[in-house]
Amino acid sequence: MTDVLTARRSVPRTTRPGLVLAAVFVVIAAVAAAFPTLLASADPNLTDPASPFAEPGVDHLFGTDNLGRDVFARVVHGARFSLLIGVGATVLAVVIGTALGIAAALGPRVVRATLLRGIDIAMAFPDLLLTLLVIAVLGPGPLNTLIAVALGMVPRFARVVRAQALPVAGAGYVTSAVALGTPRLRIVRLHILPNTVRPLLAVATVGVGTAIISVAALSFLGLGVKPPDAEWGVMLAQGREFLRLAWWISIFPGLAVAATVVSITVLGRALQRRNSEV
Amino acid sequence: MPVRQRLVDIENLSVSFPAAGRRSAPVRAVQDVSLHVSSGECLALVGESGSGKSVTARAVIGLAGRRADVRMSRFHIDGVDASSFGEKQFRQVRGTTVGLVLQDALVSLDPLRTIGREVAEPMAIHNTVPRHARSRAAVDLLRSVGIDDPEVRVTQISHELSGGLRQRALIASGLAAGPSLLIADEPTTALDVTVQARILALLGDLRDDGTGLLLISHDLAVVAALADRIAVMKDGRIVEQGAAQDILRDPQHEYTRALLSAAPSGATRGTTLVGRTPIAVPSAHSGDPVLVVDAVSKSFDRRDGSRHRAVDSVSLTLRQGEIHGLVGESGSGKSTLASIALGLVEPDTGTVRLTPPGGPSLNWNSPSGPGERGRRAHRSRIQPIWQDPLSSFDPRFTVANVIDRALVETGTLDADARKARTIELLHQVGLDPDHLARTPRRLSGGQRQRVAIARALATEPDILICDEPVSALDVSIQAQVLDLLLDLRARTGVSMIFISHDLGVISHVSDTVSVMKDGAIVERGRAEQIFEDPQHSYTVELLDSVPSLPYPVPVDG
């Protein structure tokens, strides 16, 4: 027997190390948000006039800031604001975006046209600009930050939901449900919503990353969380003045934002890939 | 008889693919296949999906795929030992010695290139025709495969052509570099019968002019007219190979016999296709009308803004217990008519009336009609069965969910009673309770269609609208599903509108038949009358185009 074409070994699928790293970091961030004292025993708001600008070392892992507060403790405690507002804003945006997206896909003609144009116009502005607009109306503060960040993301989600809902609404199983005499709202609840939202979850996960950046950006601008509360954006803003003198004050919260966003995005992309393979 | 050159000669071909998962074994797609094709001869490779026929054909031109493990004890192409050919040598052979024509012309032709460039490409690759003469040669080639106005066609791109023209262009491209052997993989499968007949005639002419043909098909009737020899494949092996008339007249292998006898036709009416036992056919045609379609028309806007009349004042009456066959080619309006009958699309004019047993007839679908709210209460009376069952199931649902939905929507049973009824319905369509927890994605095509039928039966309908219900199935599975539908009719007295492009299927199942063309019914009557004494010229053409088996089918026992 002759080998005409030799088989090429198929590469076994392994879990990529980056994915594991991302998952581990997200778990750490979640623990920091829920039980910050587990990771950092120091009080994040305890000032120590005796040791301002201490370099990172054994006493203070990430050093201290201008008021002698422990930067590590502040970074750990800051996770709560960033994650809570980031996740909360995304959830709110998904709920509103899904409602608008479904209405823009299946509603009466007038509703469809109005929503679609509205979404188009809203998407012409950068997310952050929309968010700032809402803050300008509502005023600063943590809860308003959440609402503003959520509203900034709504147009994007609504667009995704609409694009997803259109083919689902024309799918064979929806026609079959009509032929069984299923009322319209029940078809939306039983078939259209679940099959539309499932792919959205991956998009939403990536959205959490963007939301965290928005939250930090608002706080950095002084429109979100107010000092002295430990929040990553606030810390970045405060440390900026001392960047040449004490780099660690703003570098570590900056790294925390970057690592969290990258990790969440990596996980979200992995979810998207898995969805598209099925 | 002149000495014929063996164009391809292959012995003990085996092809296997590496295992998909870590635990599964390698897939042995083809095992111990030996075949040869000479010039001016047609060998037909016949088998159902997954039988390995396409992999065999691809291995002949070195296209089995990079992951394939291909072995054989002897492999000659045009007298040259090809067993150690690499990609480079194969590339020289493809087009010039062996041409390949694929099934789906829309996918196989480059959507951005003109037909002329597509056809001239093999000439350019192998430099068989000098550059300045190529466009002339492409026109000549298109003319030779029976394309009218070839000068215009060479400037068009694939989606501007009809399916038949695309398939011809694809054949022209396969012939462009003058191969002595043409491999045609299901060349007519997606085509209407009248177009299929013309493509088969074209392939016959090529063979008579000395081209060797390796014809791959799932349909014995299609190859019957063309093949000199037939090889029947099953599970990667050739189970029977020999002269075409011997195979068709006196098949030795039981699988060949099963394939032949599973083909529905007028001769199989009144019997099951599996086992050929008699099946009850209602003798009277005097049942009460259950569905009356009265002068229904429907137009759609075309993309260019013009109106297209999909259905043009069609009337028909479906009686209790009757199977009404609706036959026509693609674009004839069959499916639009089905949607109107189902109340999924409202007609522009005309009325559909539904008569529940023992009740007064009611306005089911009309422009002034009851609307979806008015229809909902009667939806259980009329149920669809579609060509692609998988897309009609919510991808998140298991078989149990699918049938349970139908029971919830149209009945008043409690959860326990619904579960019992679901099992009963599955049993009725020949599935066991093991299938309940599976998603339809993990069922075979035949099993999926059975689930779809079970769902339709869950509402205890009076009428089933079957739109090409067996067109995507292999002939042996098609036989089982047709047997099931006829058995259901005999037991429950359900009426059906049965839509198909396949006249064999229609003449097997139908009591009455309507022939549709361009949105209108051109002829209607009893099935025997239509098939034995067609009146309309289009019906005659349709019947003449149907490939048929030349010998009566041998029946076991």
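The notes below deal with the structure included here. (Residues numbered from 1 in each chain as written. Chains lettered and ligands numbered in written order. Predicted model: local features only at pLDDT ≥ 70, side-chain atom pairs only at ≥ 80, totals over all residues.)

Before going further, it helps to spend a moment on the overall build of chain B. Tallying secondary structure elements over chain B gives 20 helices and 21 strands in all. For a compact globule of 557 residues, the expected C-alpha radius of gyration is about 24 Å, and chain B comes in at 26 Å, within 12% of that figure. With respect to the three principal axes, the spread of C-alpha positions in chain B is 75 × 55 × 45 Å. Within chain B, the fraction of its 557 residues that count as buried is 48%. Across chain B, the fraction of contacts at a sequence separation of at least 24, relative to all contacts at a separation of at least 6, is 68%. (Helix = DSSP H or I, 4+ residues; strand = E, 2+ residues; numbered from the N terminus. Rg over C-alpha atoms; globule rule 2.2 N^0.38 Å. Buried ≥ 20, exposed ≤ 12 C-beta atoms within 10 Å, placed from the backbone. Contact = placed C-beta atoms within 7 Å.)

Further remarks concern helix 7 (residues 163-175) of chain B. Over its 13 residues, helix 7 of chain B extends 18 Å from the first C-alpha to the last, a length consistent with the 18 Å expected when each residue adds 1.5 Å. Counted residue by residue, helix 7 of chain B has 12 buried out of 13 residues, so it is predominantly covered. (Expected span 1.5 Å × (residues − 1).)

Residues and elements named next belong to chain B. Interhelical geometry of helix 14 (residues 399-410) versus helix 15 (residues 415-428) gives an angle of 115° and a closest axis separation of 10 Å. Relative to helix 15, the element helix 14 lies roughly perpendicular. Read as a crossing pair, helix 14 and helix 15 show a hand that is right-handed. Each of Ala400, Ile403, Asp404 and Leu407 in helix 14 lies in contact with helix 15, whose residues at this interface are Arg418, Arg421, Thr422 and Leu425. (Axes fitted to C-alpha atoms, helices over the stretch in contact; angles between N-to-C directions. Parallel < 35°, antiparallel > 145°, perpendicular 65-115°, else oblique. Left-handed = near helix turned anticlockwise from the far one by under 90°.)

Our focus in this paragraph is the environment of B:Leu43. Structurally, B:Leu43 is set in strand 3 (residues 42-46). Beyond its immediate sequence surroundings of up to four residues, B:Leu43 is in contact with B:Leu35, B:Val37, B:Leu214, B:Ala227, B:Arg229 and B:Ala231.

Moving on, we come to the sheet that holds strand 15 (residues 349-354) of chain B. Residues and elements named next belong to chain B. Pairing is antiparallel across the open sheet formed by 4 strands, whose spatial order is 13-12-15-16. The open sheet has two free edges, formed respectively by strand 13 (307-319) and strand 16 (362-365), since each of these has just one partner strand. With strand direction ignored, the average angle separating the axes of adjacent strands in the sheet is 30°. Judged from the 3 bridges that link them, strand 15 and strand 16 form a sheet pairing that is antiparallel. Bridge pairing in strand 16 places Val352 opposite Asn365. (Pairing = 2+ DSSP bridges.)

Turning next to the interface of chain A and chain B. Interfaces are often sized by the accessible area lost when the parts come together. Taken residue by residue, the interface counts 22 residues in chain A and 33 residues in chain B. Of all the secondary-structure elements, those providing two or more residues to the side of chain A that touches chain B are strand 1 (2-5), helix 7 (172-179) and helix 8 (184-220) of chain A. Top contributing element to the side of chain A that touches chain B by residue count: helix 7 of chain A, with 6 residues. Residue composition of the side of chain A that touches chain B, grouped by class: 11 nonpolar, 9 polar and 2 charged. (Nonpolar A, V, L, I, M, F, W, Y, C, P; charged D, E, K, R; others polar.)

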